[in-house]
Every structure is written in structure tokens, then in C-alpha cells.
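Coordinate inspection notes
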Amino acid sequence: MVQAQKDIKPNATYREVRSKDIEWPKLRSKEYWEYRKNWSEYPKNTYLSDFPLNLDIETTSYCNLECVMCPRTIQMKKGIGYLPENDAELPMDLYKKIVDEGAENGLCSIKFQYLGEPLADSHIVERIKYAKDRGIMDTMFNTNATYLDEEMSHKILDAGIDDIFFSVDSIIPEKFNKIRVGAEYHQVVENIKNFCRIKNEGGFKHVQTRTSMVILPGTPQEEIDAYTKFWLPITGIVGFDEWVNHSSGRGVYEEYNPNFVCAQPYQRLFIMYNGICTPCCVDDTRSFTLGDIHDSTVKEIWHSDKLNKLRKAHVDGRYQDIDICNRCYIPHSKSSGETPDQM
């Protein structure tokens, strides 16, 4: 049943600008656009598919940067969650088990990450190729681009990557280096430019690229305008996401929106590097564990009583009954621009 009165906000803090000259949308299949339609329509209709449309698979927990706004950095500084001594990669045999199940159940897309840096994963090229060989339509990840040299660019393109999203949080070199601690602005820019050149010259114009930044407090409009002017001709899409304070901890919000229904439980499932599954991108502390992929199938977790209870709480206007949803900022976020259809 269509919940027309419901407020479906996949990501109200995000907006983007697209070049009129981008070619990749014209080169995608009919099946791809059907999947993207379902990505929007399933949440609107609170329709539960037999299998997730997308799996977010964190293939490595390691990241070489300590970005000031990242939940991973904040956890490390607090001595919880993501700690250097616990860095690990998702075993290939377990990864293949996940992908094989997905391929047999119509899985449309895989995003190779959560809080770790995907290009730090020693098996990332093999993982992309395996997913494409098993018929996964759309493969993607966000990256800080520090490891994206020319050799890696060729490898991931040849393996079959479909979308790559570059995280670059300022157009000002000194500011960027202070935000993305451990990165060097000019090298990152050079890496992205080279990737786009290799993509365009090598017959990979179907690959989507995007550059995005987190808008921190005090960022002037002039900087945002300069960022757009610089990056739009290079990557074709520029995205902006408003900063959310993860360091102080999320409290219960006084303002309550009973019509809010989260899109993510109808679109995707998150599988962490250690096999733990969670329902959404906000659960960076894994406080709402749905199951362990070592012991359960993706389909069992997707249709689990715990996740179904979460979905029902949203449909009934009682998401406050779910602790992680009660503390989430998304129901209270105000749209700041065009609602994107990308992840």
C-alpha cells in the first residue's frame, strides 16, 4: 500500500550539481534504470523486496587518513570501535559467499565500503572483478583518492568498477590538508584528474564519477562556488553534504516527525568487515546488530524479525521505539536542495 502521506528522506542533508555534458547516463542499460527506479519507489511504497537492492560491504576497516569529521576518527580518539590493532579485511571466501547469494537472488549493486578506505583493501580489484563476473550490475565506492595512482586506476577500470565517488572536502589546499589529515591536496587532485583522463581515453565513459565535500560550519558560499566551478568539468557531478556532529554523541531530538519513514531498510543492508550486519549508514557504532553473516544468510537477515520490527515502527509512525532511529538526525533534517537518486 502506498504511504503517500509519509515523509521519505533518503538523505535530506545532501545536494548535488550535474553537468549537462555527462555521458554515463546514456550508456547505462534499461535494467540499470529499472533498478534506480526501484531504489526510489520501494521506500515510497514501503515495499519489501525479496532481497536488498544494494549491499554495502565494508571489505576493510583500515583507513590511512584521520579526517576530523569522520566517525571512524572520532571512535579511534575515544579508544572505541575502529582501533588500529583491530584493522582487518573481510575474508575472500566470506565475500564470495555473500556475492554468490546476491547473484542468485537478483542483487543489483554493491558498494565496497563503510568507514574503511576501499583502495586500502588488498583484494579490491579481485572483489570488483568477481562481482562483475557474477553479474552484479552496479559496483561502486567512495574513496579519498590517496591510493588512486595510474596503475590502480587502470586496474579498477579493467576490473569493472561502475561508479567512483571522490571525497575532497575543500578547494583550499591548506584547509583540505587540515580536514583530511594524512592526505596532500595537490596529489589527490592529480590522482583524480588522471583517473578521469584514463577513464575517458580508455573507453570507460559509462563509469560515473563525482566529487563531493562535507560542508563544515563557517564554509563561505564563495568557497562552495569555487569548488563547483573547478570540479564540475572534471568529474561531471559535484555533491555537498552538510556536516553532522558525531563527536558529542546523538541525543534524543525534541522535534518529532511521525510521518518520517527511513528509505534505507527498503533499499540496502550494511555488512561490516567482521561480518556483522546493520540496517543503515548512521549505525557507525554497530549498536543495532541484525546478525552475523558467518552464521546467517543475507536473505535471513533482510527478513529478520528485528529488521521487520524496525520497518513496522517507521510505518506506524513510532520510530522512537527503535533506539538508533530515535537518536538519528535524518528524520529532522531539512532538505537543502535537489534530492539525489545516487548513493
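Preceding block: the structure.
Residues numbered from 1 in each chain as written. Predicted model: local features only at pLDDT ≥ 70, side-chain atom pairs only at ≥ 80, totals over all residues. Heavy atoms only, no water.

So, the packing of helix α7 (residues 185-201) against helix α8 (residues 221-235)
Across the interface, α7 lies against α8 with an axial gap of 9 Å and an inter-helix angle of 30°. When the interaxial angle is binned, α7 and α8 end up roughly parallel. Of the residues in α8, those touching α7 at Tyr185, Val189, Ile192, Lys193 and Cys196 are Phe230, Trp231, Ile234 and Thr235. Class assignment for the residues of the contact of α7 with α8 results in 7 nonpolar, 1 polar and 1 charged. (Axes fitted to C-alpha atoms, helices over the stretch in contact; angles between N-to-C directions. Helix = DSSP H or I, 4+ residues; strand = E, 2+ residues; numbered from the N terminus. Parallel < 35°, antiparallel > 145°, perpendicular 65-115°, else oblique. Contact = heavy atoms within 4.5 Å. Nonpolar A, V, L, I, M, F, W, Y, C, P; charged D, E, K, R; others polar.)

Quick notes on the environment of Ile8
With respect to the secondary-structure elements, Ile8 resides in strand β1 (residues 7-8). Separated by 44 residues in the primary sequence, Ile8 and Pro52 place their C-alpha atoms 18 Å from one another. In this view, Ile8 contacts Pro43, Lys44, Val261 and Ala263; residues no more than four positions away in its chain are not counted.

Notes on the packing of helix α5 (residues 150-159) against α7
Orientation of α5 relative to α7, taken along the N-to-C sense of each, is 40°, at an axis distance of 10 Å. For the element pair α5 / α7, the angle class is oblique. Note that α5 runs across α7; the crossing there is right-handed. Residues Glu150, Ser153, His154, Ile156 and Leu157 of α5 form the contact with α7, whose participating residues are Asn194, Phe195, Arg197, Ile198 and Lys199. Across the contact of α5 with α7, the residue classes break down as 4 nonpolar, 3 polar and 3 charged. (Left-handed = near helix turned anticlockwise from the far one by under 90°.)

So, the sheet that holds strand β11 (residues 276-278)
Read across the open sheet, the 10 strands follow the order β2-β8-β7-β6-β5-β4-β3-β10-β11-β12; overall the sheet is mixed. Strand pairing shows two members of the sheet lacking a second neighbour, β2 (14-18) and β12 (291-292), which therefore form its edges. Here strand β3 (residues 54-57) pairs with strand β10 (residues 268-271) via 4 bridges, running parallel. By the bridge assignment, Asn54 is partnered in β10 with Arg268. Together, β4 (109-111) and β5 (138-143) form the strand contacts of helix α4 (residues 124-133), whose direction differs from that of β5 by roughly 155°. (Pairing = 2+ DSSP bridges.)

Read these as spatial facts, not as claims about activity.
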